[in-house]
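Notes for the structure review
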Amino acid sequence: MSQSRRGWLAGAGASLSALLLSGCDKIAEDPGVVKARASAEVLNRRVQRLLGRGALAREFTRADITPAFRANGSVDPPDADYKALVAANFAGWTLIVDGLVERPLALTLDQLKALPARTQITRHDCVEGWSCIGEWTGARLGPLMAMAGLRREARHIVLHCADTLGDAKYYETLDLVDVDHPQTVLAYAMNGAPLTVAHGAPLRLRAERYLGYKQAKYVMRLEAVDRFDHIGGGQGGYWEDQGYDRYGGI
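These remarks concern the structure in this document. All of these numbers come straight from a predicted model, not from anything done at the bench.

Turning to the pattern of salt bridges, a few remarks are in order. The tally for this structure, following the rule as stated, stands at 14 salt bridges. Between D98 and R221 there is a salt bridge whose closest N-O contact spans 3.0 Å. Here R221 lies in strand β10 (residues 219-225) and D98 lies in strand β1 (residues 95-99), a separation of 123 residues in the sequence. Where K214 meets E172, a salt bridge forms, and the shortest distance between an N and an O atom there is 2.8 Å. Of this pair, K214 sits in the loop between β9 (204-207) and β10 while E172 sits in strand β6 (residues 168-175), placing them 42 residues apart in sequence.

In structure tokens, the structure reads:
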């Protein structure tokens, strides 16, 4: 497939998602809109899969980095446990990896930094209509889950986060095909410096073929599951439970 064809398909998918996923107006609750959104999600997912499982999101140069990268979602979680970690400069923080794995893990930040890593300069596209370019460095999620040893019945990874929005903990899900994508990383650095609280310290997801609301911040636990309909509102993520589509691809 030519680069121009790839660009057109990716742009069409992103535009369709941005149009249908805003979720900010009452129109989003209309049954007809819900049905159309579901159809768009299926189309968007098929388009991206046609591009190939390993197709990369565009990467940029350091000259393209946005000087003041806008923070999305939570910027200062009020949760007492998280505030205690911040006060201790995350000295006691660990990432839990469990669920349908052969070897559950509890990794410190230093241990994560010793795992296979990737640095990438990519564009963050928000459904609100803004974009920023930043450099991210983090542990690749695929090798990390391989180290834990996914069981055969595992189908998805649930990212459980430290921040609470309303009365629910933030969470997100990824299918295994996206977990193995080379640009899916658990980032601990942005633009060459440790993540700030506003940008998800100490660890956040960067899955670069997806819209901004999929990029979970304040990641505390990775749970391998065969289904997610029993987690949160059962739709596969905090914003998905509010009506956004689960796929969110670009």
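Moving on, we come to the pairing of β9. Burial along β9 is two-sided: the residues R204 and R206 and L205 and A207 are all buried. Inspection of the sheet shows strand β7 (residues 184-190) paired to β9 by four bridges, in the antiparallel sense. What sits directly across from A187, in β9, is R204.

For the rest of this paragraph, the subject is the side chain of H156. As for its placement among the helices and strands, H156 is situated in strand β5 (residues 156-165). The exposure class assigned to H156 is buried, which follows from its relative accessible area of 14%. Those residues in contact with H156 that sit more than four places away from it in its chain are L174, D175, L176, E223, A224, V225, D226, R227, F228 and R246.

Let's shift gears to the packing of aromatic side chains. Throughout the structure, instances matching the rule amount to eight aromatic pairs. Aromatic pair Y238 and W239: ring centres 5.1 Å apart, planes at 85°, arrangement edge-to-face. In textbook terms, an aromatic cluster arises when at least three aromatic residues are bridged by ring pairs, as seen for Y170, Y213, Y238, W239 and Y244.

Quick notes on the rules
Residues numbered from 1 in each chain as written. Predicted model: local features only at pLDDT ≥ 70, side-chain atom pairs only at ≥ 80, totals over all residues. Heavy atoms only, no water. Salt bridge = Lys/Arg side-chain N within 4 Å of Asp/Glu carboxyl O. Helix = DSSP H or I, 4+ residues; strand = E, 2+ residues; numbered from the N terminus. Buried < 20%, exposed > 50% of the residue type's maximum accessible area, 1.4 Å probe, protein only. Pairing = 2+ DSSP bridges. Contact = heavy atoms within 4.5 Å. Phe/Tyr/Trp six-rings, centres within 6.5 Å; stacked < 30°, edge-to-face > 60°.

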